[in-house]
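Given next are the chains, with one letter for each unit.
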Amino acid sequence: MGWFEERGDLDGRVAVVTGGAGGLGRAIVTDLAANGVRPAVVDLDPAATAGLRRSLAERNVDAVVHEGDARDPDVLAELFDAADARWGRLDILVNVVGGTFRAPFIDTRPTGWDALLRTNLTHVLHACRLAVPRMRAGGRGGSIINITTIEAHRAAPGFAVYAAAKAAVEQFARTLAVEVAPDGIRVNNIAPDFVPTPNLERIGTGDNAMTDPDGVRVAIPMGRAGHPTDISHCAVFLASGLSSYLTGTTLHPDGGTRASAGWFNWPEEGWANHAPLRVLRAGEQAQ
């Protein structure tokens, strides 16, 4: 047994992962399974769910994979019950499900707000309500991990309700972490910035400058977009014994964008917290 295997203590543990068949969720499930975790996954995408089921079977991973909407409390309950029936334990919960659309707040309506809250906040509450009693009953503690976003920590024009919902998850996690700490249950968040996934491409970001290497170099201090494995590696750490004294906090795999707080690395000029005059002049000429 190697150093990580011994201290990480993941082999044989059980994880419920919502939204685990594609994008960030697929990377998280894959990396947890590679370390001996048995995953129970629910995802709304039929093709992604079928693909994950095949991939796990090919690697002889003991898994439960359901197609369904994690925003539905009954669907979530079925997944947790299936994990109970299969393994009789729960050690890890990873809440990945999320999504948004771009629109000025004044152009949105209550039905849209409700959809965003169900997608980004309410299902987290339901999943945690199902997970905590099971972790307590097991007597081994546990790890709850929420995938949030950098937009929970800064203004996000065009995504006001989404940002508010993700900020609510951050605060919920801090409070729940304190409540369940005596049970050895840890609650933490992962807040990425720009990680290209099919869902992110569907949202769009205006002129799509972040799809251009120069746009990424300007906006992200480390000069590259994130990879799904940048996020899944954080999830493995938070699920493992290596983070056994870490709770109520957030990891920021964002290439430094939260730290830069509005400073950009402009070609030729270097770092500045405003657009260079040449960029402004070019914009005026284009008009």
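Right above here is the structure, for reference.
Every residue gets a number counted from 1 within its own chain, in the order that chain's sequence is written. Restriction of local features to residues with pLDDT of at least 70 applies here, the model being predicted, together with a cutoff of 80 or more for giving and counting side-chain atom pairs; totals for whole chains, interfaces and linings are based on all residues. Excluding hydrogens and water, the side-chain figures rest on all heavy atoms present in the structure.

Q: Account for the layout of surface pockets, with residues named and values stated.
A: Only protein atoms enter the 1 Å grid used here. Points where a 1.4 Å probe fits but cannot escape make up a cavity, open sets with protein on both sides within 12 Å along at least five of seven lines make up a pocket, and a residue lines them when an atom lies within 4 Å of a point. Grid points are joined across faces, edges and corners, and a volume is the space filled by probe spheres set on the points. Here the second largest pocket is characterised by a volume of approximately 190 Å³. Every residue lining the second largest pocket is counted, 15 residues in all, and those nearest its centre are Arg 13, Arg 140, Gly 142, Arg 186 and Ala 239.

Q: How would you summarise helix α4 (residues 73–87) if you had to cite specific residues and measurements?
A: Secondary structure elements follow DSSP: runs of H or I no shorter than four residues count as helices, runs of E no shorter than two count as strands, and numbering proceeds from the N terminus. Take the residue count of a helix, subtract one, and multiply by 1.5 Å to get its expected span. Here α4 is 15 residues long and its end C-alpha atoms lie 21 Å apart, about the 21 Å a rise of 1.5 Å per residue gives. Turning to α4, its buried residues number three or more, namely Val 75, Leu 76, Leu 79, Phe 80, Ala 83 and Trp 87. Considered in projection along α4, the buried side chains sweep an arc of 135° and stay on one side of the axis. Exposed side of α4, more than 90 degrees from the buried face: Asp 74 and Ala 85 are the residues found there. Two residues qualify as a contact provided that any one of their heavy atoms is within 4.5 Å of a heavy atom in the partner residue. Summarising the contacts, the buried residues of α4 are in contact with β1 (14–18), β2 (38–43), β3 (64–67), β4 (92–95) and α5 (110–138). Two to three positions downstream of the cap, the backbone nitrogen of Asp 74 sits 2.8 Å from a side-chain oxygen, assigning the N-cap of α4 to Asp 72. Immediately beyond the C-terminal end of α4, within one or two residues, lies Gly 88, with a positive phi of roughly 70°. Relative accessibility decides the category of a residue: with a 1.4 Å probe and only protein chains considered, values under 20% of the type maximum give buried, values over 50% give exposed, and everything between is partly exposed. The arc in question is the one traced by the directions running from the helix axis out to the C-beta atoms. Definition of a polar contact: a pair of N or O atoms within 3.5 Å, with one able to donate and the other able to accept a hydrogen when the atoms are protein atoms, and with sequence-neighbouring residues admitted only if both atoms are side-chain atoms.

Q: Account for the packing of α4 against α5, naming residues and giving values.
A: Every angle, taken between N-to-C directions, lies between 0 and 180 degrees, and every axis is a line fitted to C-alpha atoms, over only the stretch in contact when it is a helix. The geometry of α4 relative to α5 is characterised by a closest axis approach of 10 Å and an angle of 25° between their N-to-C directions. The angle between α4 and α5 falls in the class roughly parallel. Along this stretch, α4 crosses α5, giving a crossing that reads as right-handed. Along its contact with α4, which presents Pro 73, Leu 76, Ala 77, Phe 80, Asp 81 and Asp 84, the element α5 presents His 123, His 126, Ala 127, Leu 130, Ala 131 and Arg 134. Under the scheme applied, nonpolar residues are Ala, Val, Leu, Ile, Met, Phe, Trp, Tyr, Cys and Pro; charged residues are Asp, Glu, Lys and Arg; polar residues are all the others, including Gly. Its residues assigned to classes, the contact of α4 with α5 comprises 7 nonpolar, 2 polar and 3 charged. Just so you know how the angles are binned, under 35 degrees is roughly parallel, over 145 roughly antiparallel, 65 to 115 roughly perpendicular, and the rest oblique. In a left-handed crossing the near helix is turned counterclockwise from the far helix by less than a right angle, and in a right-handed crossing that turn is clockwise.

Q: Can you tell me about the nonpolar core, naming the residues and giving the values?
A: What is meant by a nonpolar core is a set of buried Ala, Val, Leu, Ile, Met, Phe, Trp, Tyr and Cys residues, joined one to another through side-chain atoms within 4.5 Å. One finds Val 16, Phe 80, Leu 93 and Ile 144 to be the most contacted residues of the largest nonpolar core, which totals 32 residues. Looking at this core, the elements that each hand over two or more residues are β1, β2, α4, α5, α6 (160–180) and β6 (185–190). Not counting residues up to four positions away in its chain, the partners in contact with Phe 80 are Val 16, Leu 90, Leu 93, Ala 127, Leu 130, Ala 131 and Arg 134. Val 17, Ala 21, Val 29 and Ala 48 belong to the second-largest nonpolar core, a separate cluster that totals 30 residues.

Q: Please provide a residue-by-residue account of the sheet that holds β6, values included.
A: By way of backbone hydrogen bonds, the strands of a sheet pair with one another, either parallel or antiparallel. With parallel pairing, 7 strands are arranged side by side in an open sheet as β3-β2-β1-β4-β5-β6-β7. If you trace the sheet from one side to the other, it starts and ends with β3 and β7 (250–251), each paired once. In this sheet, β3 lies alongside β2 in parallel orientation, the contact comprising 4 bridges. Counted as the bridge partner of Val 41 is Val 65 from β3. Contacts between helix α2 (residues 23–34) and the sheet are confined to β1, β2, β4 and β5 (142–147), with β1 contributing the most and set at about 170° to the helix. Running at roughly 165° to β3, helix α3 (residues 46–58) makes contact with β2 and β3 of the sheet. Two strands are counted as paired when DSSP detects at least two bridges linking them.

Q: Outline the pairing of β5, listing residues and values.
A: Among the 6 residues in β5, 6 count as buried, and that is most of the element. Here β5 shows no split at all, with Gly 142, Ile 144 and Asn 146 on one side and Ser 143, Ile 145 and Ile 147 on the other all buried. Crossover handedness is defined by viewing with both strands directed away from the observer: a clockwise path from the first strand over the helix to the second marks the crossover as right-handed. Between the parallel pair β4 and β5, the chain is carried across by α5, and the sense of this crossover is right-handed. Alignment of β5 against β6, held across 6 bridges, turns out to be parallel. Bridge assignment links Ser 143 to a residue of β6, and that residue is Arg 186.

Q: Tell me what's going on with empty space enclosed by the protein, and back it up with residues and numbers.
A: Taken as a whole and judged by the stated rule, the model has 1 cavity of 30 Å³ or more. The space that makes up the largest cavity amounts to roughly 60 Å³. Broken down by element, the lining of the largest cavity gets its largest block of residues, 3 residues, from α6. Tallied by class, the residues present in the lining of the largest cavity amount to 8 nonpolar, 3 polar and no charged.

Q: Residue-level account of helix α9 (residues 228–239), with values.
A: Here α9 is 12 residues long and its end C-alpha atoms lie 17 Å apart, about the 16 Å a rise of 1.5 Å per residue gives. The set of residues buried in α9 consists of Ile 231, Ser 232, Cys 234, Ala 235, Val 236, Leu 238 and Ala 239.

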